[in-house]
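One-letter residues, chain by chain:
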Amino acid sequence: MALGLALVLASCGDGKSSSGGGSGAKSETIAMVADPLEYINPLNDNGSPGIGIAMAIFAPLVQTDPETGKLQNVMADSVTPDKTSQTWTIKLKAGNTFQNGQPLTAKDYVDSWNMTAEGSNGWKNNGFFSKVEGYDALNPPAPAGATPKPTAVKTLSGLKQIDDLTFSVKLKVPFSQFGLTLQYLGLAPLPEEVRKNPDAYKRKPIGNGPFKMAGAWNAGDDIKLTKWDGYKGPQLPQADNITYKFIPNGDTAYNEFLAGNLDFVDVPPTKVKSFKTDAPDQSVTSISSGANYLVIPAWDPRFKNPKLRHAFSEAIDRKAFADLVGLSEPAKGLVAPDMAGYRDNACKYCDFDASKAKADLAAAGGFSGVLNINYNTSSATGQIFAEAIGNMLRQNLGLQVKYTGKQSSEIGALADSRKLDGLRFSGWGHDYPSIEDYLTPMFKSNGDANFAHYSNPALDAVLAKGDAQPDPEQAIKLYQQAEDIALEDMPLIPLYTKSNAYLHSAKIQPRVSKYVGVSALWATFK
Amino acid sequence: MIRFVLRRVLAAIPIGLIVTLGVFALVFAMPGDPLRELAGDKPIPAAVLAAKRAQYHLDDPFIVQYLLSMKDILTGHFGTTFAGADIGDQLRLRIPVTLKLATLSMVFQWVLGLIFGIYAGFKRNGWVDRSLLLATLVLLAIPGLVAYFAAQYLFAVELKWFPVSGVLEGYPRSYLLPALVIGVLGFAGLGRLMRTSIVETVNADFVKTARAKGLGEQRVLWRHILPNALLPVVTFIGLDLAGLFGGAIITESIFNLPGLGQFMFQAVKLKEGGVVVLLCTLAFISFILINLLVDVLYGVLDPRVRNV
């Protein structure tokens, strides 16, 4: 399952705490259900633990206001697109510094971003800059097996420093949602001394956010943070000290919480049915976290007829399936319900109707052969979910069904080379709060997360119009048209939207926001 | 004796090469793409993928990758894992954790197993013997996974006698609970073997002869029965120690002990051939050493095998 960054951020990200020092300092211990981190460098990290910790140590240019869902400035003073949304001018607030005392300038952003955009550095957020003019010169295609060579060009031609506090970004094509993407922590600035030798600072990051490292951090240690007074952004966290504890086994982390050693922990999938009784009045759930789908292989001619896809969709009893998953609601569209522009009943073919399903399948000329459903063997529930869907399709459409368990990377590799046989599960969570971040990655031709290898020029054209439309309301209307096209073609069958659950100790109340999910970093102390 | 040891060590080298080559081939043949697995669900740009693949020689032929791994092991330049961890650092961090857990659990297992086995063997069909036979039967039937979580919940979460997980409370406190569970689960096999071996030895002709010669009971027990009854048990302990590594993968995960087992699990998950082979080499070397020790001990217990 692919769940995007926001999901990941919501699920792992934050924490504050309150007890701790003798002087009434507010401390908290937050569980990270992950292997211990090896380094902290948000530009070279796109996983949830790394970005979650970056949220504490680094500050973004802009962020989503957890109350209103509107974008608000953090390090940026203004973010202004030109008339076509192709060139964006970013002005920084004066007076912000890094935790080493150096002033934060436009040069820090420009140089850090150029470093990340250079392919030979191999930094994980390199792909973010593919929309910026000049990216290709820094990322020439390398022959298989060869180490990409450092290029002669060291800077993105689209990235320009204008003065100490102002820089501009010229994109390859207009993109009306670019401002929203600037809240991603993977775009954090690194100060000059870190840029000179990132490896030397991999365990002593110098950020610009509300927290700094509280002391030395060695491999395998918990990460201890303490409040940094130099941070002047909106919405200051209440915690004075935070400890991030790495516990790779989710059930063990849950037991640590029950023993009273943690202030915040994710509820593991195995405890979804029991957490409310295990820890009464100590849990919160997030409203939504992306969306989950069944992926139809667009390259397989047996699935070509959209009527057949509608039939599959109508044969699925989403309510029963969501109950099986737990903490879930049946999906009624292709975007998460908390996005601006979400429509409650966008999907015309997502209601369970066995007789209509049969009729549609007959109209499509039936399905030939055995239907294979691929599931991920490293997920405890993979096979159970596959069999649930398979049984519905078997009973309601009379199909012959079989199941194949594989590692998720193998499913991905087979799908990429268009050799995957049959259906698979997938999911997506947005990186920035825009319905565009569901439609472009999943449905645009060659989109990053277009697991179905679906392609429809009409949809691409509407998306491009939305990207070029500076008025947000108008842009949403265009994106909704794209969603309608995708729902009619149905390369993905919407299944459910899942909530995440978390346990918290009595001393904190995590922030729960409809717009940015659950956060322990911004918890309120009692 | 020195020639015997040397011969054994030399014989181990080709076996070690075959074992590591086999393990590397198995990891190589595993499905899945490590870098994709590492990236989770986010798409990775082609340039980054190419840089990483080149860094870890993932596009080289199998045998080249194997030789590069062996070179790293022999030269001690272990490099970093796919996730960016320094492998040398990881070993320094993790070997002591696994050793502490292994020794402590072995102590529990041996003490329990030997005491029970010897006592039950002598007092065959007594109530201790019968109840312990039943108890060990039950223990042998419990899956480790269930026992570890149940013990963690009962003794750490509910009763708070032990820390739940992690190594923050140091040695031995942090290791007591997992070591006890491993020891108790493991003692069943050892105890039963010890008991059977005692029973067989007690009835052997040479014991009857010793008694007929009028030797005292203590002397018969310590000089005649025990050395002979211990022979099969020593072999069992050797094999058991070697198998400990596999068990550590589960125990270390549930009790969040940053040992070699967890390292191995991550490496297998990510198809990290070099690390898997390095850990297997370590396991293999300890296996050889332990077996050498067992054989030397054998010679001490039974002079007849010294010159074999």
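Refer to the structure presented above.
Here the structure is a predicted model, which means the values were calculated and not measured.

So, about the overall build of chain B. The secondary structure content of chain B amounts to 12 helices and 0 strands. Ordered by position in the sequence, the α and β elements of chain B form the string α-α-α-α-α-α-α-α-α-α-α-α. With respect to the principal axes defined by its C-alpha atoms, chain B has extents near 85 × 55 × 30 Å. Counting over 308 residues, chain B shows a buried share of 43%. Here the contacts in chain B between residues at least 6 apart in sequence split such that 74% fall between residues at least 24 apart.

On to the nonpolar core. Burial of nonpolar side chains together is a common tendency in soluble globular proteins. All names here are of chain A. In terms of nonpolar packing, the biggest core is built from 72 residues, with L61, W113, F167, I223 and Y244 touching the most fellow members. Not counting residues up to four positions away in its chain, the partners in contact with I223 are L37, I40, I53, M213, W217, I242, T243, Y244 and F246. Counting 64 residues, the second largest nonpolar core, distinct from the first, contains I296, C347, L371 and A449.

Attention now moves to helix α16 (residues 472-489) of chain A. Residue and element names in this part refer to chain A. With 18 residues, α16 extends 26 Å from end C-alpha to end C-alpha; this agrees with the ideal 26 Å at 1.5 Å per step. Next to the buried residues of α16 lie α9 (306-314), α14 (436-443), α15 (457-467) and β18 (492-498). Of the residues one or two after α16, M490 is the one with positive phi, at around 50 degrees.

Once that is clear, we can look at the sheet that holds strand β5 (residues 87-92) of chain A. All names here are of chain A. Sheet architecture is open: 4 strands sit in the order β4-β5-β7-β6, paired in antiparallel fashion. Looking at the sheet topology across the chains shown, the edges are occupied by β4 (76-81) and β6 (159-163). For this sheet the average axis-to-axis angle between neighbouring strands, irrespective of direction, equals 20 degrees. Pairing geometry for β6 and strand β7 (residues 166-170), over 4 bridges, is antiparallel. Bridging across to β7, Q161 finds its partner in F167. Contacting β5, β6 and β7, helix α3 (residues 106-117) runs over the sheet at an angle of about 170 degrees to β6.

All names here are of chain B. In this model, Y171 is joined to P172 through a cis peptide bond whose omega is 5 degrees. The backbone of H57 sits at a positive phi, close to 55 degrees, despite the residue not being glycine. Of note, K160 is a non-glycine position whose phi angle comes to about 60 degrees, a positive value.

For the rest of this paragraph, the subject is the environment of G117(B). All names here are of chain B. Considering the arrangement of structural elements, one finds G117 in helix α5 (residues 87-122). A relative accessible area of 0% places G117 in the buried class. With sequence-adjacent residues up to four places away left out, G117 is seen in contact with G191, M194, R195 and I198.

Two residues of an α-helix separated by three or four positions point the same way, owing to the 3.6 residues in each turn. Residue and element names in this part refer to chain A. Those residues of α15 that sit buried are L459, D460, V462, L463, G466 and D467. Projected down its long axis, α15 shows its buried positions confined to an angular sector of 165 degrees, all on one face. With respect to the buried face of α15, the exposed residues turned more than 90 degrees away are P457 and K465. For α15, the capping residue at the N-terminal end is N456, with a side-chain oxygen 3.0 Å from the backbone nitrogen of A458.

Looking now at the state of the cysteines. Residue and element names in this part refer to chain A. On inspection of all chains with the given rule, the structure shows 1 disulfide over all chains. In this model C347 forms its disulfide with C350; the gap between the sulfur atoms is 2.0 Å. Disulfide C347 to C350: torsion about the S-S bond roughly 75 degrees, handedness right-handed. Across this residue pair, the class does not change: C347 and C350 are buried.

The next subject is the environment of L241(B). All names here are of chain B. Within the secondary structure layout, L241 lies in helix α10 (residues 217-254). Residue class for L241 comes out partly exposed when judged on its relative accessible area of 23%. Measuring from C-alpha to C-alpha, the distance between L241 and T103 comes to 9.4 Å, with 138 residues separating the pair along the chain. Discounting residues that sit within four places of it in the chain, L241 has contacts with M106, W110 and I290.

Before going further, it helps to examine the interface of chain B and chain A. Across the boundary between the two partners, chain B contributes 36 residues, which contact 48 residues of chain A. Both sides together, the interface formed by chain B and chain A hides about 3,300 Å², and carbon and sulfur atoms give 52% of it. Counting across the chain B and chain A interface gives 0 salt bridges. Counting across the interface, chain B meets chain A through 8 residue pairs in polar contact (both at pLDDT 80 or more). Counting residues per element, the side of chain B that touches chain A draws most heavily on helix α3 (residues 46-55) of chain B, at 6 residues. Grouping the constituent residues of the side of chain B that touches chain A by class yields 18 nonpolar, 9 polar and 9 charged.

Cut-offs applied
- Residues numbered from 1 in each chain as written.
- Chains lettered and ligands numbered in written order.
- Predicted model: local features only at pLDDT ≥ 70, side-chain atom pairs only at ≥ 80, totals over all residues.
- Heavy atoms only, no water.
- Helix = DSSP H or I, 4+ residues; strand = E, 2+ residues; numbered from the N terminus.
- Buried < 20%, exposed > 50% of the residue type's maximum accessible area, 1.4 Å probe, protein only.
- Contact = heavy atoms within 4.5 Å.
- Core = buried A, V, L, I, M, F, W, Y, C linked by side-chain atoms within 4.5 Å.
- Expected span 1.5 Å × (residues − 1).
- Pairing = 2+ DSSP bridges.
- Axes fitted to C-alpha atoms, helices over the stretch in contact; angles between N-to-C directions.
- Arc of directions from axis to C-beta.
- Polar contact = N/O pair within 3.5 Å; in protein donor to acceptor, adjacent residues only side chain to side chain.
- Disulfide = S-S within 2.5 Å.
- Buried area = accessible area lost by both parts, 1.4 Å probe.
- Salt bridge = Lys/Arg side-chain N within 4 Å of Asp/Glu carboxyl O.
- Nonpolar A, V, L, I, M, F, W, Y, C, P; charged D, E, K, R; others polar.

Read these as geometric descriptors, not functional statements.
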